[in-house]
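# Inside the fold
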There are 4 protein chains.
Amino acid sequence: MNEQLDHDSVDHAMQPDDTPELRALYKGFEAESLIPLWTQLGDLMPIHPKSKAVPHVWKWSNLLPLAEKSGELVPVGRGGERRALGLANPGLAPNAYVTPTMWAAIQYLGPRETAPEHRHSQNAFRFVVEGEGVWTVVNGDPVRMSRGDLLLTPGWNFHGHHNDTDKPMAWIDGLDIPFSQQMDVGFFEFGSDRVTDYATPNFSRGERLWCHPGLRPLSQLQNTVSSPIGAYRWEFTDRALTEQLLLEDEGQPATVAQGHAAIRYVNPTTGNDVMPTIRCEFHRLRAGVETAPRQEVGSSVFQVFEGKGSVVLNGVTTPLETGDMFVVPSWVKWSLQAESQFDLFRFSDAPIMEALSFMRTKVEGQS
Amino acid sequence: MNEQLDHDSVDHAMQPDDTPELRALYKGFEAESLIPLWTQLGDLMPIHPKSKAVPHVWKWSNLLPLAEKSGELVPVGRGGERRALGLANPGLAPNAYVTPTMWAAIQYLGPRETAPEHRHSQNAFRFVVEGEGVWTVVNGDPVRMSRGDLLLTPGWNFHGHHNDTDKPMAWIDGLDIPFSQQMDVGFFEFGSDRVTDYATPNFSRGERLWCHPGLRPLSQLQNTVSSPIGAYRWEFTDRALTEQLLLEDEGQPATVAQGHAAIRYVNPTTGNDVMPTIRCEFHRLRAGVETAPRQEVGSSVFQVFEGKGSVVLNGVTTPLETGDMFVVPSWVKWSLQAESQFDLFRFSDAPIMEALSFMRTKVEGQS
Amino acid sequence: MNEQLDHDSVDHAMQPDDTPELRALYKGFEAESLIPLWTQLGDLMPIHPKSKAVPHVWKWSNLLPLAEKSGELVPVGRGGERRALGLANPGLAPNAYVTPTMWAAIQYLGPRETAPEHRHSQNAFRFVVEGEGVWTVVNGDPVRMSRGDLLLTPGWNFHGHHNDTDKPMAWIDGLDIPFSQQMDVGFFEFGSDRVTDYATPNFSRGERLWCHPGLRPLSQLQNTVSSPIGAYRWEFTDRALTEQLLLEDEGQPATVAQGHAAIRYVNPTTGNDVMPTIRCEFHRLRAGVETAPRQEVGSSVFQVFEGKGSVVLNGVTTPLETGDMFVVPSWVKWSLQAESQFDLFRFSDAPIMEALSFMRTKVEGQS
Amino acid sequence: MNEQLDHDSVDHAMQPDDTPELRALYKGFEAESLIPLWTQLGDLMPIHPKSKAVPHVWKWSNLLPLAEKSGELVPVGRGGERRALGLANPGLAPNAYVTPTMWAAIQYLGPRETAPEHRHSQNAFRFVVEGEGVWTVVNGDPVRMSRGDLLLTPGWNFHGHHNDTDKPMAWIDGLDIPFSQQMDVGFFEFGSDRVTDYATPNFSRGERLWCHPGLRPLSQLQNTVSSPIGAYRWEFTDRALTEQLLLEDEGQPATVAQGHAAIRYVNPTTGNDVMPTIRCEFHRLRAGVETAPRQEVGSSVFQVFEGKGSVVLNGVTTPLETGDMFVVPSWVKWSLQAESQFDLFRFSDAPIMEALSFMRTKVEGQS
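Residues numbered from 1 in each chain as written. Chains lettered and ligands numbered in written order. Predicted model: local features only at pLDDT ≥ 70, side-chain atom pairs only at ≥ 80, totals over all residues. Heavy atoms only, no water.

## Thoughts on the overall build of chain A
When you go through chain A residue by residue, the secondary structure sums to 8 helices and 24 strands. Whereas a compact globule of 367 residues would reach a radius of gyration of roughly 21 Å, chain A reaches 23 Å, a difference of no more than 12%. Each principal axis of the C-alpha atoms in chain A carries an extent, and together these give about 75 × 55 × 45 Å. For chain A, the proportion of its 367 residues judged to be buried stands at 65%. The long-range share in chain A, meaning contacts at least 24 apart out of those at least 6 apart in sequence, stands at 75%. Of the accessible surface of chain A, which amounts to about 12900 Å², a share of 49% is contributed by carbon and sulfur atoms. (Helix = DSSP H or I, 4+ residues; strand = E, 2+ residues; numbered from the N terminus. Rg over C-alpha atoms; globule rule 2.2 N^0.38 Å. Buried < 20%, exposed > 50% of the residue type's maximum accessible area, 1.4 Å probe, protein only. Contact = heavy atoms within 4.5 Å. Areas by Shrake-Rupley, 256 points an atom, 1.4 Å probe, with all protein chains shown as cover.)

Next comes the structure, spelled out in structure tokens:
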């Protein structure tokens, strides 16, 4: 066994001599839509994941003004469907993919605007880093959007958004568009040109049914692939993280590492991830904490929710503040450093990797 | 096929003639520890479940004074372990079994008393119909007991109780003692003669980690057979039921039947029952509601938490009020009638029946 | 903690003084169908499983003549249903239970006789230690019974038997009758007074569909709770065990312990046990092998299929030969000793214990 | 709702006016690595899957000579690793992808040649349409390759091939290379430059342990993600299909449709697909049978094993004979027509689509 052996050098050594006969053979391949493995192996089957996607940071201070300007110049409505700016990973151009599996965007809705209803196979969520006043209507159930909330619109649920106020609002969208596009799994259907219910309740029907810890409605015993909870409220997330740190102070096991509280958003019918393709988590670091450098199969996107700190991606440190987003491609080494208490929302394609048994994790200092 | 055919008459018809030779044969069976099937079939394999357990109602107004009197006469401590009075199904005498699978008892703890710690394979819970002031310490985690709370002590967790006040407190215990005794699965171990932590926090560590709806601690990704939540608080149960009835008022699907709200207590790591052998539920009927008569495989015990109404068991109606308990053996027809808003706690062995594929349900008016 | 502490001595120490007041209280309990825990704890919650069932051996040389005599004196037909002699554990008298969960019997069918069709919730199997000539018809599918075969009739499948020859045949039946009787889960329905198909094919339709290793009919993608294979043929079992020992000879991991080959019969739709309540296995020991003494939660029954050896049950050694049966109650220490190559069929209630998380195993010399 | 609405026309209608300001905004997007959704929606989220992959047929009569010629000109050995010609879907150029998820190739090994050992995360199989004489060595276990056999080398198992004869041999390889490349999940490690065992047994150790229908080695109770069976032999496949058609002749339910027998190769530890990402099946049509046109999410590749017939892909009929291969991209309508008895091997990415809940199927004439 020779794990260090370099594909390229080996490939080179093995290539057959370039003769007229070989050229004729290669022509024959081309005519028959065949490509030999031996000319491509290093690219097709790398020693470890070498993503075309690159680590990248987007500054909220740049994103938001562009979204606002779009609000002036670009209408929202049927056809374009959403005023959303996709974060395009520079390594994946010309596709608007933040990672090979995921789409991330800043979406912007002006005062009193409506983004019309539609549904699609793609799983989607919204996370609200600031602002309020918009309701997302999911299959007729209006869900309030407020700071720190995670909202779900799992595959094939009709959904639209409307702004009930005189102020604009921006948030981030996450979807599995790149995965569904490359895998050819997507269906799409237009719904109402308006939203089907303009009510503005504080709590959606899904929350009222499901957000009682450990209690399952007897009318809802069928498990669902995606979570029936439309909105995971900041109030609960914040409290869960606060309690973890307090328990740590009391010497109890509760945090994922010293000074590092974290929760995963889950489907209460199964305890598993909220949607089949997307994992959502929230992390809080105490001031001064640094996480152990990690490499993971699959890709993640983070958004800073509050506090100051930095991310180290493949050895490059970038300072971060509220709203900043960054992407961690597969097997890229990453760690976080907290200057103040540092809160970050994270989403990833880990459920795909785990369901198909491709997940691996390497943590510096662990075997 | 002849479903109506009566076993007894058929058995009778088939018994061989009583000859000296047959008697000699039967003697031979006895000597070899053999019993012929043909003399016992109707009993061994009935047309439908015919439990030796009988429907029965216990009045809280009788239970509580006997528990109080026990408080005067019987000490609590190492050896007897608990001052608990088991509800003994009259059909299962001389065993202290409320059903063939389950034990139910009223437990009583005097002012400043301690019930010492122990652990056992048997799964257990407490439900508090009235009172407060006792803490159950589960593996060192003190859990407050208050009105309307469900507390879990799943199999093989050390647990004890202590009364922090100058007033006595009574509650009900439910365990799978009969199942474990008949199936020979039980282990038992004494722990501390006191409880290991006399602190009296409002919320247990398990609650602080787990009672945030839809949020899973990242440090707790391993599923557990039983729920990690030590106490399911009345505040949440009441709110969940209230919301179901409000949603029903708004024309939304939420209740299990018209005017009948209900929740199942579940393990948040899986969405399944709180323990492998015991299902716990809470039901609320609007005043005037009658449930459809049902028959189910497996047995249930109910306790009235609040309100007035009655239960119909095999056609016999019994009025009920707060604290009253009743047992529904397997395949006995039962229904509830609510005079006022009527709140009931229920536990059953349904997880056993479902895990082993024996569950059947028959509801009057449904096919 | 004090694991060695004896319940009885402790109980004794704790019993309250026998006063007139206490007697009056106990009378009050009786009147209200209550039984105090403190008088019964040691029995209800033992330190470890102490089964009423006892280890016991039945000699085939005694069983078979009694079955044959029954064939002369007792008719088989509707009502009695089966000419079956249940092995009655001496500790469980007067019930015809071989263990607290399981029934085992020798069944006998005379030349040209038919045991009529019926179905029941109880799961059943037949194992053939010798003989041939009978077909079991399961939901209309005739299944040949031959030496060494395991036949399944899972719960609620119609089944009858008919002897197509001029010779009698005997075999053993295993069912979960005690479990279903105590748990009140059983339904029963008579079917045809004859069997519905007197054809005598070599292979049943279930085998023809399913007995191709690793191949699943595309028309059968729905998993089933019990195995769809009606008969597990001796030819396959023997070959599997032979290969394990050959692989062991080649230095490959294949046996469960040195000189001890074993297979579990499984449901090909899931890889799990053949029925929800009964595990079936076949064990082969090389001559001279002794198994490590084991204790397990739950109960087992063995039948010697071929060879000579002995069983050690709680330290008592009993020699065994073809057809002999023995029972191992919960937590009884057992081991096997092989004089010649020693083949044994085993069935147990382990699926119940595992599904409900009560399984524990202790093997001498392992921690 | 307006399912027919065309994305393109709608998009057109909604595009904002092309003004200098808009151009400046779009420049800003570019500078910040942003791409607006409204310019790309139709492509990113189509009404139904519109794969870049196209239906295509490869003729064995063209493939084999090119493979043979490669045998003359191209060495096999460390670096190039395999003399394999990948079927490159014309719609996915320049990638050597037969579908967006799967790789298919014809591999060729000359007399006495060895393809050296390596392992990779990618799941792989071989199917043998003709020939014999090669052994695949999987983790040291030599597996004979013969006509009609399916061989597995699941992810991260070392494997190499060697030809034990004086004749060349060709077969097809299937892997999830495109999926793993796009998702960035692949690891690769070189092993021995030779194979680690040149023995040529008829049956591999995995077969000897596992290929006994319904029998599980007691030493192998841990479920595995991929099948432990190294080779699924043609003898068994043929017999299973033959029995299905015989059962159909007898009026029994066995085939997937009239005249259409089919099996799925499964993992015996679970009853599920052989590997997490690849489904393998074998189909047999009686002469004259036509299958109902189907559309499925996900992609399939077929190889004709024996017989004559044709495939209809999006309305285009292509005649087929032994060895011919064709690809069905996602949501492309396909059906088969059998001139003679028609045997086809099929593999697909259906386990991916099902695990992530994207599977949909539409069959003509069914709702």
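## Things to note about the sheet that holds strand E15 (residues 260–265) of chain B
The strand order across the open sheet formed by 7 strands is E13(A)-E15(B)-E16(B)-E23(B)-E18(B)-E21(B)-E2(B), and the pairing between neighbours is antiparallel. A strand with exactly one partner marks an edge of an open sheet, and here the two such strands are strand E13 (215–217) of chain A together with strand E2 (56–58) of chain B. Mean inter-strand twist for the sheet, computed between neighbouring axes without regard to direction, equals 25°. Inspection of the sheet shows E13 of chain A paired to E15 of chain B by 3 bridges, in the antiparallel sense. Looking at the pairing, Leu215 of chain A lines up with Tyr265 of chain B of E15 of chain B. Sheet contacts for helix H7 (residues 234–249) of chain B: E13 of chain A together with E15, strand E16 (279–285), strand E18 (300–306) and strand E23 (342–348) of chain B; angle to E15 of chain B, the most-contacted strand, approximately 140°. (Pairing = 2+ DSSP bridges. Axes fitted to C-alpha atoms, helices over the stretch in contact; angles between N-to-C directions.)

## Brief notes about the interface of chain C and chain B
Chain C puts 100 residues into the contact, and the matching count from chain B is 99 residues. With both chains or domains summed, chain C and chain B bury close to 8600 Å², and 70% of this area falls on carbon and sulfur atoms. Contact with chain B buries surface across chain C, with Asp184, Phe187 and Phe358 of chain C losing the most and accounting together for 8% of the total. Across the chain C-chain B interface, the total number found is 2 salt bridges. At the junction of chain C with chain B, the criterion picks out 24 residue pairs in polar contact (both at pLDDT 80 or more). (Buried area = accessible area lost by both parts, 1.4 Å probe. Salt bridge = Lys/Arg side-chain N within 4 Å of Asp/Glu carboxyl O. Polar contact = N/O pair within 3.5 Å; in protein donor to acceptor, adjacent residues only side chain to side chain.)

## Re the domain arrangement of chain A
For chain A, the assigned domains read domain 1 (7–44), domain 2 (56–210) and domain 3 (233–363). Using C-alpha coordinates to define each centre, domain 1 of chain A is positioned 46 Å away from domain 2 of chain A. (Domains from an automatic or database assignment.)

## Quick notes on the sheet that holds strand E21 (residues 325–328) of chain C
Pairing between the strands of a sheet is mediated by backbone hydrogen bonds and can be parallel or antiparallel. Across the sheet, which stays open at both edges, the 7 strands sit in the order E2(C)-E21(C)-E18(C)-E23(C)-E16(C)-E15(C)-E13(D) with antiparallel pairing between neighbours. What marks the edges here is a single partner per strand, and that holds for strand E2 (56–58) of chain C together with strand E13 (215–217) of chain D. Geometrically, the sheet is characterised by an average inter-axis angle of 25° between neighbouring strands, direction not taken into account. On top of the sheet, helix H7 (residues 234–249) of chain C reaches strand E15 (260–265), strand E16 (279–285), strand E18 (300–306) and strand E23 (342–348) of chain C together with E13 of chain D; it is set at about 140° to E15 of chain C, its chief contact.

## A short note on unusual backbone geometry
Backbone torsion omega between Ala93 of chain C and Pro94 of chain C reads 5°, so that peptide bond is classified as cis. Mapping Pro94 of chain C onto the fold places it in the loop between strand E3 (84–87) and strand E4 (103–109). Despite not being glycine, Trp156 of chain A has its phi angle at roughly 70°, a positive value. Note on placement: Trp156 of chain A falls in the loop between strand E9 (150–153) and strand E10 (159–163). Residue classification places Trp156 of chain A among the partly exposed residues on the basis of a relative accessible area of 26%. Despite not being glycine, Ser33 of chain C has its phi angle at roughly 55°, a positive value.

## Details of the pairing of strand E15 (residues 260–265) of chain D
A large share of E15 of chain D lies buried, amounting to 6 of its 6 residues. Neither face of E15 of chain D is exposed, since His260, Ala262 and Arg264 of chain D on one face and Ala261, Ile263 and Tyr265 of chain D on the opposite face are all buried.

## Considerations on the interface of chain A and chain D
At the junction of the two partners, chain A supplies 99 residues and chain D supplies 99 residues. Both sides of the chain A and chain D interface together cover about 8600 Å² of buried area, and 69% of this is carbon and sulfur. Together, Asp184, Phe187 and Phe358 of chain A form the three largest contributors to the area buried by chain A at its contact with chain D, with a combined 9%. Counting across the chain A and chain D interface gives 2 salt bridges. Glu21 of chain A serves as the salt-bridge partner of Lys69 of chain D, at 3.0 Å between the closest nitrogen and oxygen. For the side of chain A that touches chain D, the element with the most residues is helix H4 (residues 60–73) of chain A, which contributes 6 residues. Bridge count for strand E1 (residues 34–36) of chain A against strand E3 (residues 84–87) of chain D is 3 bridges, and the pairing is antiparallel. Bridging across to E3 of chain D, Ile35 of chain A finds its partner in Gly86 of chain D.

## Some thoughts on the pattern of salt bridges
Enumeration according to the criterion identifies 116 salt bridges over all chains in this entry. Among the ionic pairs, Asp324 of chain C bridges to Lys59 of chain C, the shortest N-O distance being 2.4 Å. Note that Asp324 of chain C is positioned in the loop between strand E20 (316–320) and E21 and Lys59 of chain C in the loop between E2 and helix H4 (60–73), a separation of 265 residues in sequence. Taken together, the shared-partner salt bridges in this structure form one network comprising Arg264, Glu281, Arg294, Glu296 and Arg346 of chain A.

## With respect to helix H7 (residues 234–249) of chain D
In this model H7 of chain D runs 22 Å from its N-terminal to its C-terminal C-alpha over 16 residues, within 8% of the 22 Å that 1.5 Å per residue would give. Those residues of H7 of chain D that sit buried are Trp234, Phe236, Thr237, Ala240, Leu241, Glu243, Gln244, Leu245, Leu247 and Glu248 of chain D. (Expected span 1.5 Å × (residues − 1).)

## Considerations on helix H4 (residues 60–73) of chain B
Its 14 residues give H4 of chain B an end-to-end C-alpha distance of 20 Å, which sits within 8% of 20 Å, the value for a rise of 1.5 Å per residue. Where H4 of chain B is concerned, the buried positions are Trp60, Leu63, Leu64, Leu66, Ala67, Ser70 and Leu73 of chain B.

## What about the arrangement of the chains?
As for chain C relative to chain A, no contact occurs, and the smallest C-alpha gap between them is 18 Å. One finds no contact linking chain B with chain D; the least C-alpha distance across the pair is 18 Å.

## Topic: the packing of aromatic side chains
Taken as a whole and assessed by the stated rule, the structure comprises 74 aromatic pairs over all chains. Here the aromatic rings of Tyr265 of chain B and Phe345 of chain B are separated by 6.2 Å at their centres, their planes lie at 55°, and the arrangement is tilted. In this pair, Tyr265 of chain B is assigned in strand E15 and Phe345 of chain B in strand E23, connecting sequence segments 80 residues apart. A network of ring pairs unites the aromatic residues Phe125, Phe127, Tyr232, Trp234, Tyr265, Phe282, Phe305, Phe345 and Phe347 of chain A as a single cluster. (Phe/Tyr/Trp six-rings, centres within 6.5 Å; stacked < 30°, edge-to-face > 60°.)

## Quick look at the relation of the copies chain A and chain D
Of the two same-sequence chains, chain A is brought onto chain D (RMSD 0.0 Å, axial shift 0.0 Å) by a rotation of 180°. A rotation of that kind, with that shift, is consistent with a two-fold axis. Closest to the rotation axis within chain A is the C-alpha of Ala355 of chain A, separated from it by 3.3 Å. By residue overlap, the copies meet face to face through one surface: 100% of the interface positions of chain A are interface positions in chain D. (Least-squares fit on C-alpha atoms with pLDDT ≥ 70 in both.)

## Quick look at the side chain of His159 of chain D
Residues and elements named next belong to chain D. Along the chain, His159 falls in strand E10 (residues 159–163). For His159, a relative accessible area of 1% gives the class buried. A distance of 3.4 Å separates a polar atom in the side chain of His159 from a polar atom in the side chain of His120. A polar side-chain atom of His159 sits 2.8 Å from the main-chain carbonyl oxygen of Asn157.

## Remarks on the relation of the copies chain C and chain B
Rotating chain C by 180° and translating it 0.0 Å along the rotation axis places it on chain B, where the RMSD comes to 0.0 Å. When the interface residues of chain C are mapped onto chain B, 99% of them again lie at the interface, so the same face is used by both copies.

## Some details on the packing of H4 of chain A against helix H2 (residues 20–31) of chain D
The geometry of H4 of chain A relative to H2 of chain D is characterised by a closest axis approach of 11 Å and an angle of 155° between their N-to-C directions. Classified by the interaxial angle, the pair formed by H4 of chain A and H2 of chain D is roughly antiparallel. H4 of chain A and H2 of chain D meet at a crossing whose hand is left-handed. Along the contact surface, H4 of chain A presents Leu66, Lys69, Ser70 and Leu73 of chain A, while H2 of chain D presents Glu21, Leu22, Leu25, Gly28 and Phe29 of chain D. Its residues placed into classes, the contact of H4 of chain A with H2 of chain D shows 5 nonpolar, 2 polar and 2 charged. (Parallel < 35°, antiparallel > 145°, perpendicular 65-115°, else oblique. Left-handed = near helix turned anticlockwise from the far one by under 90°. Nonpolar A, V, L, I, M, F, W, Y, C, P; charged D, E, K, R; others polar.)

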